[in-house]
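Commentary on secondary and tertiary structure
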Amino acid sequence: QVQLVESGGRLVQAGGSLRLACLASGRTFSSLNMVWFRQAPGKQREFVAGISWDVGTTYYTDSVKGRFTISRDNAKNTVYLQMNSLKPEDTAVYYCAGSFGSNWPVTSETAYGIWGQGTQVTVSS
């Protein structure tokens, strides 16, 4: 069974950068579509970015396009989220999630059955 552990979240000033990492256990990581969601206080969890399992096709929500980059290293069982030009509205708990399947992109959280525990990102103004 795959388990996911996020890291890299911290307090950062607006305009700064962070790189989040999500380490997966198990030998099936390379077959997983991997995504990042985030949840701000009082708000619903929202899709941020995703990368497909096969050719690494990426997909982003509009609010992070041009600022965030998702990537994966299958040899390290890790997916990354590079976040640049951070804004206070990016403050949230960031979760990585994974799913098997050929449909892509899938932005609904109900499609993902494997989740990490989350890492807090706080952007100060």
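Details of the structure are given in the entry above.
Being a predicted model, the structure only gives us computed values, none of them experimental. (Residues numbered from 1 in each chain as written. Predicted model: local features only at pLDDT ≥ 70, side-chain atom pairs only at ≥ 80, totals over all residues. Heavy atoms only, no water.)

Turning next to the sheet that holds strand β7 (residues 68–73). In sheet architecture, strand pairing relies on hydrogen bonds along the backbone and comes in two forms, parallel and antiparallel. Taking strand neighbours across the sheet as the criterion, the four strands line up as β1-β3-β8-β7 in an open arrangement whose pairing is antiparallel. Looking at which strands have only one partner, the edges of the open sheet turn out to be β1 (4–7) and β7. On average, adjacent strands in this sheet sit at an angle of 15° to one another, irrespective of strand direction. As defined by bridge partners, strand β3 (residues 18–24) adjoins strand β8 (residues 78–83) across six bridges and the pair is classed as antiparallel. Residue pairing for β8: Arg19 is matched across the bridge by Gln82. (Pairing = 2+ DSSP bridges. Helix = DSSP H or I, 4+ residues; strand = E, 2+ residues; numbered from the N terminus. Axes fitted to C-alpha atoms, helices over the stretch in contact; angles between N-to-C directions.)

Ranked by size, the top nonpolar core spans 29 residues in total, and within it Trp36, Leu81, Met83 and Tyr94 carry the most contacts. When residues of this core are traced back to their parent elements, those giving at least two are β3, β4 (33–39), β5 (46–51), β7, β8, β9 (92–99) and β11 (119–124). At four residues, the largest contribution of residues to this core is made by β3. Each residue touching Met83, except ones within four places of it in the same chain, is listed here: Gly16, Ser17, Leu18, Leu20, Arg67, Phe68, Tyr94 and Val121. (Core = buried A, V, L, I, M, F, W, Y, C linked by side-chain atoms within 4.5 Å. Buried < 20%, exposed > 50% of the residue type's maximum accessible area, 1.4 Å probe, protein only. Contact = heavy atoms within 4.5 Å.)

Our next topic: the layout of surface pockets. In this model, the largest pocket occupies a volume close to 170 Å³. Forming the walls of the largest pocket are 13 residues, and the residues nearest its centre are Arg38, Lys43, Glu46, Glu89 and Asp90. (1 Å grid on protein atoms, 1.4 Å probe; cavity = no way out; pocket = protein on both sides within 12 Å on 5 of 7 lines; lining within 4 Å. Points joined across faces, edges and corners; volume = space filled by probe spheres on them.)

Of all seven residues that make up β3, five are buried, and the element is covered over most of its length. As defined by bridge partners, β1 adjoins β3 across four bridges and the pair is classed as antiparallel. The partner of Ser7 across the bridge, within β3, is Ala21.

Per the counting criterion, the structure on display carries one disulfide. Put simply, Cys22 and Cys96 are joined by a disulfide, and their sulfur atoms are 2.0 Å apart. Across the S-S bond linking Cys22 and Cys96, the dihedral sits near 55°, which makes this disulfide right-handed. Placement of the pair is Cys22 in strand β3 and Cys96 in strand β9, with a sequence separation of 74 residues. This pair shows no difference in class: Cys22 is buried, exactly as Cys96 is. (Disulfide = S-S within 2.5 Å.)

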